[in-house]
Amino acid sequence: MDWYTSIFELIDMRSFSNLWFWIALAVFWSTTSHWVLGVPYDMVTRARRHQGQAVADLEDIARVNVNRLLYIARVSGLWLLGLGCFILSGLAVLGFYYRIEFAQALFLLGFPMSLVGLLSLSTARLIEVEQSTGELLCKRLTRHRIYTQMIGTLSIFVTALWGMYQNISIGVL
């Protein structure tokens, strides 16, 4: 038995039985729920507590990120939507029809993130239309964060169920 075989038996290279996949999933959703429309959530809590300059900083960074997101959506939104649908449908077919576990893992990361992307676009448009400032802006960003956390929780739950099913049906050892 060569040492390559020994190493690959010791370190499982499948997605759902690999510890690094689960660490990446946790970091992925933690980061996504912390950065709300590109604004770190601690700025929202600081603006609610201290008012004054903290609110002005929050409004500035939110305005820049909302304008940037809406500009990208207006200029190349249809192309990005088409590319995203192509990639997600390709991953779904590769993963669930051809049973490629890596494609399943990428789909289970990418599909919920596309929902968060659509939610971000909707929230950005709402902020732009309402010209949200101050407490209303904090409310919008907090609501967006809660919805993102709900999507993330459901995504982690479904991914964990599917990963356990894969590990039981294929067998880790």
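Residues numbered from 1 in each chain as written. Predicted model: local features only at pLDDT ≥ 70, side-chain atom pairs only at ≥ 80, totals over all residues. Heavy atoms only, no water.

Caption draft 1: Local environment of the overall build of the chain. Broken down by element type, the chain carries 6 helices and 2 strands. Counting from the amino terminus, the chain carries its helices and strands in the arrangement α-α-β-β-α-α-α-α. Against the 2.2 N^0.38 benchmark of 16 Å for 173 residues, the chain shows a C-alpha radius of gyration of 20 Å, more extended than a compact globule. Considering only C-alpha atoms, the chain reaches an extent of 70 × 35 × 25 Å along its principal axes. Within the span of the chain, comprising 173 residues, buried residues form 34% of the whole. (Helix = DSSP H or I, 4+ residues; strand = E, 2+ residues; numbered from the N terminus. Rg over C-alpha atoms; globule rule 2.2 N^0.38 Å. Buried < 20%, exposed > 50% of the residue type's maximum accessible area, 1.4 Å probe, protein only.)

Caption draft 2: Seen up close, the environment of Asp42. Mapped onto the elements, Asp42 comes out in helix α3 (residues 41–50). When its relative accessible area of 32% is taken as the criterion, Asp42 is described as partly exposed. The spacing of Asp42 and Leu58 is 16 residues in sequence and 9.9 Å in space, taken between C-alpha atoms.

Caption draft 3: Focus on the pattern of salt bridges. According to the stated counting rule, one finds 5 salt bridges in the structure shown. In this structure, Arg48 engages Glu135 in a salt bridge whose closest nitrogen and oxygen atoms are separated by 3.3 Å. Here Glu135 lies in helix α6 (residues 134–170) and Arg48 lies in helix α3, a separation of 87 residues in the sequence. Owing to a relative accessible area of 33%, Arg48 belongs among the partly exposed residues under this scheme. (Salt bridge = Lys/Arg side-chain N within 4 Å of Asp/Glu carboxyl O.)

Caption draft 4: Geometry of the packing of aromatic side chains. Applying the stated rule across the entire model yields 9 aromatic pairs. For the pair Phe21 and Trp22, a centre-to-centre distance of 5.0 Å together with 80° between the ring planes defines the contact as edge-to-face. Overall, the relative accessible area of 25% leaves Trp22 in the partly exposed class. A centroid spacing of 5.7 Å and a plane angle of 85° characterise the contact between Phe96 and Phe107, whose relative ring orientation is edge-to-face. With Phe96 in helix α4 (residues 53–97) and Phe107 in helix α5 (residues 101–130), this residue pair connects regions lying 11 residues apart in the sequence. Phe107 gets classed as buried once you look at its relative accessible area, which sits at 16%. Pairwise contacts between aromatic rings join Phe96, Phe107, Phe111, Trp162 and Tyr165 into one cluster. Over the face of the ring belonging to Tyr41 we find Arg145, whose NZ or CZ atom lies 4.1 Å from the ring centre. (Phe/Tyr/Trp six-rings, centres within 6.5 Å; stacked < 30°, edge-to-face > 60°. Lys NZ or Arg CZ within 6 Å of the ring centre and 35° of its normal.)

Caption draft 5: Expanded view of unusual backbone geometry. For Leu37, which is not a glycine, the phi torsion comes out positive at approximately 55°. Topologically, Leu37 is positioned in the loop between β1 (35–36) and β2 (39–40). Accessibility expressed as a relative area gives 11% for Leu37, which makes it buried. Positive phi is not limited to glycine here, since Arg99 has a value of about 60°. Tracing the sequence through the fold places Arg99 in the loop between α4 and α5.

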